[in-house]
Amino acid sequence: MVPTQSESVVAGNLTQFEYLALNSSLNLADGHARQELTAGQSLIVEELPRLWAAAVKRPVEEVERDAQRAYFELLGQHSHPADEGRVLSCYSSSVAMEIFARSLASRAQSIALIHPTFDNIPDILRGVGLRLVPLDEEALHAGDLDDVLLRSVQCVFVTTPNNPTGRVLPESGLRRLAQQCAEHDVVLTLDTSFRGFDPDAHYDHYAVLNASGCRWVVIEDTGKLWPTLELKVGWLVSSADVGLPLAEIYSDILLGVSPLVLSMIERLSQDAAAGGLADLHRFIAGNRAIVRGILGDVPDLRFPDPASRASVERVDLGDRSGLAVWTALSKHNVFALPCHKFHWADPGQGDHSLRIALSRTPSSVAAGSKALRTVLLDSR
Ligand SMILES: Cc1ncc(COP(=O)(O)O)c(C=O)c1O
């Protein structure tokens, strides 16, 4: 059930802001994929009864392995583990996150977490009692992590590509970070939910992690790429020696995900490998150009993530308040996301920006951007 609008909801977390947008035709709030199916994807949806009949006849393990192989290979993750128990299929990446967090909390007290990032990550980590230490995104990209920080935590958590900035940890950065984590016996955890959108995030992360000798966890997510009405999988992937009770906690929560969903993901991955992924990249770039084209000449406005290829775009509103602009925009029935909650340790840093979702029809992105332009010009 989605809560109705109220003052308390307006003051809540990012997902509560996203609930408010769910029934609007101009929902530019959540990062889930809501554009139309492509011709190739529509054929796969028509194929679902056949995929169902085939999935019923096959061992789940086989269906799962085929889906994993297709998805990981699509995104360049050739060294992903194939052995038993190393890739746990979850209903969503948040469920994978919850399992990871509960497992970590049974062995650890403190975690360094990238700042800013999507707020359900800190919320889940805090929910299991972990102490969170902010790891500034700029500092992460600037060079080695501080030894004092690494000695004070048992895990470092990085979202790459990050949400909302789209920033990707490059291969050299991941290699050095993994080495540092190995030296300090700190678990390195990555959330790669937005990986599919950016070819810079398609280098083989598992090869780098394996070579480093660190203990690692990766949360992969099929849920942001394709408009599949919330049918998705979060994969919880770990190193052989991770030393966390991931499989035990997993078994507290679920038996497995639907083989129908897994079969659909395998087919969507094949379609993407045959050209669909390049089409998606062009589609998102086109929507980003629409936003920048419509808003580009609004005074005192900036796009702070010029290199981002993620399916979201941040807009820096200058001295205007993100919450005030969000409120004015919602009166036009257009919903974006104010950014203060992404800055989970210091919300003030996000007080003057909005995030616009790009996995939408180009006409919604254009209509939403035009309404935002009107609101911003009226506020001068
Ligand atoms: C980086 C990141 N990880 C995980 C999630 C959670 O995804 P889901 O709602 O599909 O569980 C989100 C949601 O937008 C996200 O941005």
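For the structure, check the block above.
Below is a short write-up of the structure. Please read all numbers here as calculations on a predicted model, not as lab measurements.

### Thoughts on the overall build of the protein chain
Now for step 1: Of regular secondary structure, the protein chain possesses 15 helices and 12 strands.
Now for step 2: Its C-alpha atoms give the protein chain a radius of gyration of 20 Å, within 12% of the compact-globule value 21 Å for 380 residues.
Now for step 3: Projected onto the principal axes, the alpha-carbon positions of the protein chain cover approximately 60 × 55 × 40 Å.
Now for step 4: Going through the 380 residues of the protein chain one by one, you find that 56% of them count as buried.
Now for step 5: In the protein chain, the proportion of contacts linking residues at least 24 apart, taken out of those at least 6 apart, comes to 74%.
Now for step 6: Of the roughly 15,300 Å² of accessible surface on the protein chain, 53% is carried by carbon and sulfur atoms.
Now for step 7: Counting 34 positive and 47 negative side-chain charges, the protein chain places the centres of these two groups 3 Å from one another.

### Quick look at the site of the ligand
Now for step 1: Taken together, the residues surrounding the ligand are His32, Ser92, Ser93, Ser94, Phe118, Thr159, Asn163, Asp191, Ser193, Phe194, Lys224 and Lys232.
Now for step 2: Lys224 places a side-chain nitrogen or oxygen 3.0 Å from an oxygen atom of the ligand.
Now for step 3: Between an oxygen atom of the ligand and a side-chain N or O atom of Lys232, the distance comes to 2.9 Å.
Now for step 4: Here the ligand, which alone exposes 390 Å², has 92% of that area covered by the protein.
Now for step 5: Of the residues that constitute the shell around the ligand, the class distribution is two nonpolar, seven polar and three charged.

### Considering the packing of helix H14 (residues 322–330) against helix H15 (residues 362–378)
Now for step 1: Look at H14 against H15: their axes get within 10 Å of each other, and the N-to-C directions meet at 120°. What the angle tells us is that H14 and H15 run oblique. Here H14 runs over H15; the crossing is right-handed. Along the contact surface, H14 presents Val325, Ala328 and Leu329, while H15 presents Gly368, Ala371, Leu372, Val375 and Leu376.
Now for step 2: Across the contact of H14 with H15, the residue classes tally to seven nonpolar, one polar and no charged.

### Here we look at the nonpolar core
One broad trend across soluble globular proteins is that nonpolar side chains are buried collectively.
Now for step 1: Within the largest apolar cluster, 114 residues are counted, with the highest numbers of intra-cluster contacts made by Phe100, Leu125, Val156, Leu188, Trp235, Leu236 and Leu295.
Now for step 2: By residue number, the principal contributor to this core is helix H13 (residues 259–295), which donates 11 residues.
Now for step 3: Beyond its immediate stretch of four places on either side in the chain, Leu125 contacts Met97, Phe100, Ala101, Ile111, Leu113, Leu130 and Leu132.

### A word on the side chain of Asn27
Now for step 1: As for its placement among the helices and strands, Asn27 is situated in strand E1 (residues 26–27).
Now for step 2: Residue classification places Asn27 among the buried residues on the basis of a relative accessible area of 6%.
Now for step 3: Among the polar contacts made by the side chain of Asn27, one reaches the side chain of Asp30 at a distance of 3.2 Å.
Now for step 4: Not counting the four nearest positions on each side in its chain, Asn27 is found in contact with Ala21, Leu22, Arg34, Phe335 and Arg360.

### Focus on empty space enclosed by the protein
Now for step 1: What the rule picks out here adds up to one cavity of 30 Å³ or more.
Now for step 2: Reported here for the largest cavity is a volume of approximately 30 Å³.
Now for step 3: If you trace the largest cavity, you find it lined by Leu28, Leu329, Val334, Ala336, Ile356, Gly368, Ser369 and Leu372.
Now for step 4: Per element, the largest residue contribution to the lining of the largest cavity is three residues, and it comes from H15.
Now for step 5: The residue inventory of the lining of the largest cavity, partitioned by class, reads six nonpolar, two polar and no charged.

### Points about the sheet that holds strand E2 (residues 87–90)
Now for step 1: Across the sheet, which stays open at both edges, the seven strands sit in the order E2-E8-E7-E6-E5-E3-E4 with mixed pairing between neighbours. On the outer flanks of this sheet lie E2 and strand E4 (131–136), each paired with one strand and no other. This sheet shows a mean twist of 20° between the axes of neighbouring strands, independent of strand direction.
Now for step 2: Running at roughly 145° to strand E6 (residues 187–191), helix H10 (residues 171–183) makes contact with strand E5 (155–159) and E6 of the sheet.
Now for step 3: Packing against the sheet, helix H12 (residues 246–253) makes contact with E2, strand E7 (216–221) and strand E8 (234–238), and its axis sits at approximately 20° to E2.

### A short note on the environment of Tyr203
Now for step 1: Checked against the element boundaries, Tyr203 lands in the loop between E6 and helix H11 (205–212).
Now for step 2: With 112 residues separating them along the chain, Tyr203 and Tyr91 place their C-alpha atoms 26 Å apart.

### Observations concerning H13
Turn by turn, an α-helix covers 3.6 residues, leaving residues three or four places apart pointing in a common direction.
Now for step 1: Spanning 37 residues, H13 covers only 44 Å between terminal C-alpha atoms, well under the ideal 54 Å at 1.5 Å per step.
Now for step 2: Of all the bends in H13, the greatest, near 75°, is centred on Ala273.
Now for step 3: By the N-cap criterion, in which a side-chain oxygen at the helix start approaches the backbone nitrogen of a residue two or three places on, H13 is capped by Ser258, the distance to Leu260 being 3.0 Å.

What counts, and where the lines are drawn
Residues numbered from 1 in each chain as written. Predicted model: local features only at pLDDT ≥ 70, side-chain atom pairs only at ≥ 80, totals over all residues. Heavy atoms only, no water. Helix = DSSP H or I, 4+ residues; strand = E, 2+ residues; numbered from the N terminus. Rg over C-alpha atoms; globule rule 2.2 N^0.38 Å. Buried < 20%, exposed > 50% of the residue type's maximum accessible area, 1.4 Å probe, protein only. Contact = heavy atoms within 4.5 Å. Areas by Shrake-Rupley, 256 points an atom, 1.4 Å probe, with all protein chains shown as cover. Lys, Arg positive; Asp, Glu negative; His and termini not counted. Charge placed at Lys NZ, Arg CZ, Asp CG, Glu CD. Near = heavy atom within 4 Å. Polar contact = N/O pair within 3.5 Å; in protein donor to acceptor, adjacent residues only side chain to side chain. Nonpolar A, V, L, I, M, F, W, Y, C, P; charged D, E, K, R; others polar. Axes fitted to C-alpha atoms, helices over the stretch in contact; angles between N-to-C directions. Parallel < 35°, antiparallel > 145°, perpendicular 65-115°, else oblique. Left-handed = near helix turned anticlockwise from the far one by under 90°. Core = buried A, V, L, I, M, F, W, Y, C linked by side-chain atoms within 4.5 Å. 1 Å grid on protein atoms, 1.4 Å probe; cavity = no way out; pocket = protein on both sides within 12 Å on 5 of 7 lines; lining within 4 Å. Points joined across faces, edges and corners; volume = space filled by probe spheres on them. Pairing = 2+ DSSP bridges. Expected span 1.5 Å × (residues − 1). Bend = angle between axes of the 7 residues up to and from the residue.

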